[in-house]
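Chain by chain, the residues:
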Amino acid sequence: FCLAVSLDLHFWRNPIRKRQEDNQFALRTAMAANVKVATCNLNQWAMDFKGNRARVIESILEAKKEGCTFRTGPELEIPGYGCEDYFLEGDTFLHSWDSLAEILKSGVTTNILCDIGMPVMHRNVPYNCRVIVLNSKIIGIRPKFFLANDGNYREMRWFTPWWIDPSKPGFGDIEEYFLPVRIQEITGQTIVPLGIFAVSTLDTVISFETCEELFTPNAPHIQLSLDGVEIIANGSGSHHQLRKLDHRIDLVKSATQKAGGVYLYANHKGCDGGRLYFDGCAMIYVNGQCVAQGSQFDGLDEVEVIVATVNLSDVRAFRSSFIARSFQASSAPSVHREHVQFRLAGTAVHPLSLTPSPFMKPRIHDPMEEIAYGPSGWLWDYLRRSGMRGYFLPLSGGADSSSTATLVAIMCQRVVAELKEGTERSKKQVLADIRKITRMPDFTPKDWKELCSKLFVTCYMASQYSGQETRSRAEALANEIGAVHSSIFIDDICSTLKSTFVNVDIHSPWIEKSKIKTNPQMTGGTWMENVALQNIQARSRMVMAYFMSQLMPWATDGDNSRGGQLLVLGSANVDEALRGYYTKYDCSAADINPIGGINKRDLKSFLEWAGKNKGIEILQRVADAKPSAELTGAEGEQSDEVDMGMSYDELGDLGYCRKVEKCGPLSCFLKLRTRWAGRELTPSIRAKGDKAPKTHDEQVAQKVKDFYFYNAINRHKMTTLTPSYHAENYSPDDNRFDLRPFLQPASFDEQFAAIDKIVKEASTLPPPPVKKQRTA
């Protein structure tokens, strides 16, 4: 009692000192609310444990250099997201732990809380996890409980969702995880918690989501924020798709817009060994406002750390002033907390030197920029990691192959720009990659065209049906971008194949030899003869493409051959694949195809854009030309859209209905009869003359029938489709994205009969109203 009185009298006698100390305490509290945090884009490569580990360590070091006390990284960043069936092998889990052990031993996690993505096996069950580390010790392991299992994603093939009893509130129980012996030796720990938890530091609470969990209707961040979690980190593995980024940004924004808080989003960036290109765009949001954003495509640096200073007092003020939110939070279930003796508002940086990062408007690329920078980045990653000498392209002078050539040119422009403007780390890496690819240890390109001349070979593969216009466009484009250009005639190959067939000998006695036909004709013969003779042209180009890809480095190196061969590029677009308008094993059969997921409409717009913005003037001339295969006549005599019996615009709409809107023939017809109201449709090649459809409904019905018929009879071609950059959400890629039988009944009897019934009923009604056209 005496002590209390004494203290009270002391402060009563010194009111100025008391106010000063109160103000200092308030100032320290306010300053301590400023926290510096980091997220990142990493260009990881599936199964490249050494390289991946180095990039993870580099990102942590860079975050620490910036004064950050928390760092989050992409999903499964240690082995790489795209390991696929390697995740079924125990070795992948073993090597992931080995990599984490090296990270812990290195000491990089001293004084920085790190959220690292890797697979973990618990009780013989594989989980996709976040491992939370501080000061070379593991705080806990957080498994993913909503797995991505649609479209390109197959996570439930490799991992099991963490089980949370839906009949109970909260996120379920925490289990004990026994660490591998090697980790025990480093950390001194035997058991760590595994489950859904938050990390409670001395000044805030942090928890975690993983990729798909953000996209779900009942996302974890809702409950977490109501339970007082102030910082939520999301390690993601999200791939590029045209016009998709705004959706991802909206989700991150909404995660804190209503509930308040800080949200960090990390992602992979680059080609990690498959058809997908992960498009980065790591970002940090506070109370629904963007305060930091990484690049989606810009730059070729393998490590990009995004840093922001966030004020936790802003989060608390935002939440506490929202009374309805506080009422919900007062009865929200609690998430388990792991307590650590650590402050995010650390002592390494003086609080007065930290200022909250200002709000910024998120950047979203134009779709033409997406086409320019996504596939070109994919091409660079694929080339530099493949060990090959460069690319070979059959360049026809048409829109598709010209688009592919343009993407290689843009790739070279970006590589040389990185040499001049990138980070020191990136300059060193890019120069090493250039010299590795060209096999010239002292080579430094003076400009992008010189680089193009060292790693890109094109060839105009002419036949008797080729026109001078396409030949001149191909040559002009190759010259403008600096490619090594060549030309050949395939007529001799085709003639040899045809003459070989003329001399075919039939040994079966029941076949009358005098009636055997062995001289097929392009003109005046049957449809079968015509198509077979077209196909040998296309297939001979594929054979020559691979032959030349192996020999052209040898042929052009002179006396100092550096060895190696070229990767063959394909140029079939997504609409042609959907319709089956290409020859199986023709020059669409290649090593990779950068435009295989892009539709014809976008490719034409891209050519126009690139002509204006990338200094390649010939591209406008290419864009203005009518698409032609030139297998039966020169450009202008043979038209793709006439051959297919449908326009590229119609194909785009049909593909969108089928894949994105999940429509069968009947549903597709019902949607398109209104969507196409007032539009003139291309004539059918299956219903001609007296059988040609007359009314709008009949024309739409026939178009739908034609589409599903050709898609069915050509489905077998999808099994050999060249691995393509995934860009469009109605890609027919049979290998992973659009899984259907490759032997189908093409008659669709029940489905087409249902369409005919609707057409008959609609004939007595007014036509559908003409509305504003909607494109896929």
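Before reading on, note that the structure itself is shown above.
Scoring rules and cut-offs
- Position numbers for residues start from 1 in each chain and track the written sequence from start to end.
- Since the coordinates come from a predicted model, pLDDT governs what is reported: local features require at least 70, and pairs of side-chain atoms require 80 or more to be given and counted, while whole-chain, interface and lining totals use all residues.
- Side-chain measures here rest on the full set of heavy atoms in the structure, leaving out hydrogens and waters.
- Helix numbers and strand numbers start at the N terminus; a helix is a DSSP run of H or I with at least 4 residues, a strand a run of E with at least 2.
- The contact criterion used is simple: two residues touch if any of their non-hydrogen atoms lie within 4.5 Å.
- Values of accessible area rely on a 1.4 Å probe in the Shrake-Rupley scheme; residue burial ignores everything except the protein chains shown.
- For this count, His and the chain ends are skipped, Lys and Arg are scored as positive, and Asp and Glu as negative.
- The atoms used to mark charge sites are NZ of Lys, CZ of Arg, CG of Asp and CD of Glu.
- We define a nonpolar core as any set of buried Ala, Val, Leu, Ile, Met, Phe, Trp, Tyr and Cys residues linked to one another through side-chain atoms lying within 4.5 Å.
- Burial classes follow relative accessibility: with a 1.4 Å probe on protein chains only, a residue under 20% of its type's maximum area counts as buried, one over 50% as exposed, and anything between as partly exposed.
- Residues form patches when they are more than 30% accessible in relative terms and have no salt bridge. Like charges link within 9 Å. Nonpolar side chains (Val, Leu, Ile, Met, Phe, Trp, Tyr) link within 5 Å.
- The salt bridge definition used is simple: a Lys or Arg side-chain nitrogen within 4 Å of an Asp or Glu carboxyl oxygen.
- Note on pairing: two strands pair once DSSP finds at least 2 bridges between them.
- The angle between two axes is taken between their N-to-C directions and runs from 0 to 180 degrees, where each axis is a line fitted to C-alpha atoms and a helix contributes only its stretch in contact.
- Crossing chirality is assigned from the near helix's rotation relative to the far helix, an anticlockwise turn below a right angle marking it left-handed and a clockwise turn marking it right-handed.
- For this classification, Asp, Glu, Lys and Arg are treated as charged, while Ala, Val, Leu, Ile, Met, Phe, Trp, Tyr, Cys and Pro are nonpolar and the rest, including Gly, are polar.
- Two N or O atoms count as a polar contact when they lie within 3.5 Å, although within protein this holds only if one can serve as hydrogen donor and the other as acceptor, and sequence-adjacent residues are included solely when both atoms are side-chain atoms.
- Classification of ring pairs rests on two measures: the distance between centres of Phe, Tyr or Trp rings, Trp counted by its six-membered ring, which must be within 6.5 Å, and the angle between planes, read as stacked under 30 degrees, edge-to-face over 60 and tilted in between.
- Criterion for a charge above a ring: Arg CZ or Lys NZ at most 6 Å from the ring centre, at most 35 degrees from the ring normal.
- For a helix, the expected span equals 1.5 Å multiplied by the number of residues minus one.
- By definition, the arc is the one covered by directions from the helix axis to the C-beta atoms.

**Q** Where do I start with the overall build of the protein in this structure?
**A** Helix and strand counts for the protein stand at 27 helices and 20 strands. When its C-alpha atoms are laid out on the principal axes, the protein stretches across 125 × 80 × 55 Å. Counted over contacts in the protein with a minimum sequence separation of 6, partners at least 24 positions apart contribute 73%. Roughly 34,100 Å² of accessible area belongs to the protein as shown, and the carbon and sulfur atoms make up 55% of that amount. Charged side chains of the protein number 90 positive and 92 negative; the gap between the two group centres comes to 2 Å.

**Q** Would you take a moment to explain the nonpolar core for this structure?
**A** Buried together is how nonpolar side chains tend to be arranged in soluble globular proteins. Counting residues in hydrophobic clusters, the biggest one holds 63 residues, and the most contacted among them are Leu379, Tyr391, Met411, Phe456, Ile481 and Phe606. Among the elements that make up this core, the one with the highest residue count is helix H13 (residues 399-421) (11 residues). In contact with Phe456, other than residues within four places in its own chain, are Tyr391, Leu393, Ala405, Val408, Ile481, Ala483, Val484 and Leu569. In terms of nonpolar packing, the next biggest core, distinct from the first, is built from 57 residues, Trp97, Val108, Ile116 and Leu224 among them.

**Q** Would you mind going over unusual backbone geometry with me for this structure?
**A** Most peptide bonds take the trans form, and the phi angle of most residues other than glycine is negative. Although it is not a glycine, Glu84 adopts a positive phi angle of roughly 55 degrees. Phi is positive for Asn111, close to 65 degrees, though the residue is something other than glycine. Relative to the elements of secondary structure, Asn111 occurs in the loop between helix H4 (90-106) and strand E3 (113-122).

**Q** Explain a nonpolar patch on the surface to me, please; I cannot follow it from the model alone.
**A** Residues Phe547, Leu551 and Trp554 make up a contiguous nonpolar surface patch of about 330 Å² in total accessible area. Checked against the element boundaries, Leu551 lands in helix H18 (residues 527-556).

**Q** Explain the pattern of salt bridges here, please?
**A** One side chain can pair with another of opposite charge once the charged atoms of both are near each other. Under the defined criterion, the tally for this structure stands at 45 salt bridges. As a salt-bridge pair, Lys269 and Glu304 come within 3.8 Å of each other at their nearest N and O atoms. Of this pair, Lys269 sits in strand E11 (residues 262-270) while Glu304 is found in strand E15 (residues 303-311), placing the two residues 35 residues apart along the sequence. A residue is classified by how much of its surface remains accessible, and Glu304, at 21% relative accessible area, is partly exposed. In this structure, the salt-bridge partner of Lys513 is Asp505, at a minimum N-O distance of 3.7 Å.

**Q** Looking at this structure, I do not really get the pairing of strand E5 (residues 137-143). What am I missing?
**A** In summary, the side chains of a regular strand alternate between the two faces of the sheet. Most of E5 is tucked away: six of the seven residues are buried. For strand E4 (residues 125-134) and E5, the ladder comprises six bridges, and the chain directions are antiparallel. Paired with Leu134 across the bridge in E5 is Lys137. Between E4 and E5, which pair antiparallel one after the other, the connecting turn spans two residues, and Asn135 there sits at a positive phi close to 50 degrees.

**Q** Explain the packing of helix H3 (residues 49-65) against H4 here, please?
**A** Helix packing geometry: the angle between the two helix axes and the distance between the axes. Viewed as axis vectors pointing N to C, H3 and H4 meet at an angle of 35 degrees, and their least axial separation amounts to 10 Å. For the element pair H3 and H4, the recorded crossing hand is right-handed. Together, Phe49, Arg53, Val56, Ile57 and Ile60 of H3 and Thr92, His95, Ser96, Ser99, Glu102, Ile103 and Ser106 of H4 make up the contact between the two elements. For the contact of H3 with H4, a count of residues per class yields five nonpolar, five polar and two charged.

**Q** Is there a simple way to think about the environment of Thr556 in this case?
**A** Structurally, Thr556 can be placed in helix H18. What makes Thr556 partly exposed here is its relative accessible area of 47%. Between the C-alpha atom of Thr556 and that of Lys244, which follows or precedes it by 312 residues, the distance is 43 Å. Of the polar contacts made by the side chain of Thr556, one reaches the backbone oxygen of Met552; its length is 2.8 Å.

**Q** What exactly am I supposed to notice about the sheet that holds strand E17 (residues 390-394) here?
**A** By way of backbone hydrogen bonds, the strands of a sheet pair with one another, either parallel or antiparallel. Strand order in the open sheet formed by four strands is E19-E18-E17-E20, and the pairing between neighbours is parallel. This sheet does not close on itself; its edge strands, each paired only once, are strand E19 (484-489) and strand E20 (566-568). The average angle at which neighbouring strand axes cross in this sheet is 25 degrees, direction not considered. Both strand E18 (residues 456-462) and E19 contribute to a ladder of six bridges, which runs parallel. Pairing of Thr458 across the sheet is with His485, part of E19.

**Q** Help me understand the packing of aromatic side chains, please; the structure alone is not making it clear to me.
**A** Each aromatic ring pair is characterised by the separation of its centres together with the angle its planes make. Counting across every chain of the model gives 19 aromatic pairs. Seen from their ring centres, Trp97 and Tyr177 are 5.9 Å apart, and the 15 degrees between their planes marks the pair as stacked. Here Trp97, found in helix H4, pairs with Tyr177, found in strand E6 (residues 175-178); they are 80 residues apart in sequence, far enough to count as distant. Under the relative-accessibility criterion, Trp97 is labelled buried at 7%. Three or more aromatic residues joined by ring pairs make a cluster, and in this case those are Tyr277, Phe297, Trp378, Tyr382 and Tyr725. Its end group placed over the ring of Tyr710, Arg579 keeps NZ or CZ at 3.6 Å from the ring centre. When the ring centre of Tyr582 is taken as origin, the NZ or CZ atom of Lys717, which lies over that ring, is 5.3 Å away.

**Q** Any chance you could explain helix H12 (residues 367-386) here in plain terms?
**A** One full turn of an α-helix is made of 3.6 residues, so residues set three or four places apart face in the same direction. Under the 1.5 Å per step criterion, the end-to-end length of H12 is 28 Å for 20 residues, consistent within 8% with the ideal 28 Å. The element H12 is extensively covered by neighbouring structure, given that 16 of its 20 residues are classed as buried. Immediately downstream of H12, the backbone of Gly387 shows phi near 80 degrees, a positive value.

**Q** Got a minute to help me understand helix H24 (residues 665-675) in this structure?
**A** Looking only at H24, the buried set comprises Pro665, Cys668, Phe669, Leu672, Arg673 and Arg675. The buried side chains of H24 occupy one side of the element, clustering within an arc of 165 degrees when seen end-on. Looking at the buried positions of H24, the neighbouring elements they touch are helix H23 (648-660), helix H25 (696-713) and helix H27 (749-762).

**Q** Can you walk me through the side chain of Thr92 in this structure?
**A** Within the secondary structure layout, Thr92 lies in helix H4. Once residues lying within four places of it in the same chain are set aside, the contact partners of Thr92 are Met47, Phe49, Pro79, Tyr86 and Phe87.

**Q** I'm lost on the pairing of E4 in this one. Help?
**A** The buried fraction of E4 amounts to nine of the 10 residues, a majority that puts the element mostly inside the structure. Direction of pairing for E3 relative to E4: antiparallel, over a ladder of nine bridges. Along E4, the bridge assignment pairs Met118 with Cys129. Hairpin connection from E3 to E4: two residues lie between these consecutive antiparallel strands, with Arg123 at a positive phi of about 55 degrees.

**Q** When you look at the side chain of His221 in this model, what are you seeing that I'm missing?
**A** On the secondary structure map, His221 appears in helix H8 (residues 220-226). Sequence-distant contacts of His221, defined by excluding residues within four places in its chain, comprise Glu209, Leu214, Ile232, Ala255 and Tyr263.

**Q** So what exactly am I meant to see when it comes to the environment of Gly237 here?
**A** The topology assignment puts Gly237 in the loop between strand E10 (231-235) and helix H9 (245-257). Separated by 217 residues in sequence, Gly237 and Lys454 place their C-alpha atoms 34 Å apart. If near-sequence neighbours (up to four positions away) are discounted, Gly237 is found in contact with Glu75, Tyr81, Tyr153, Cys211, Asn267, His268 and Phe278.

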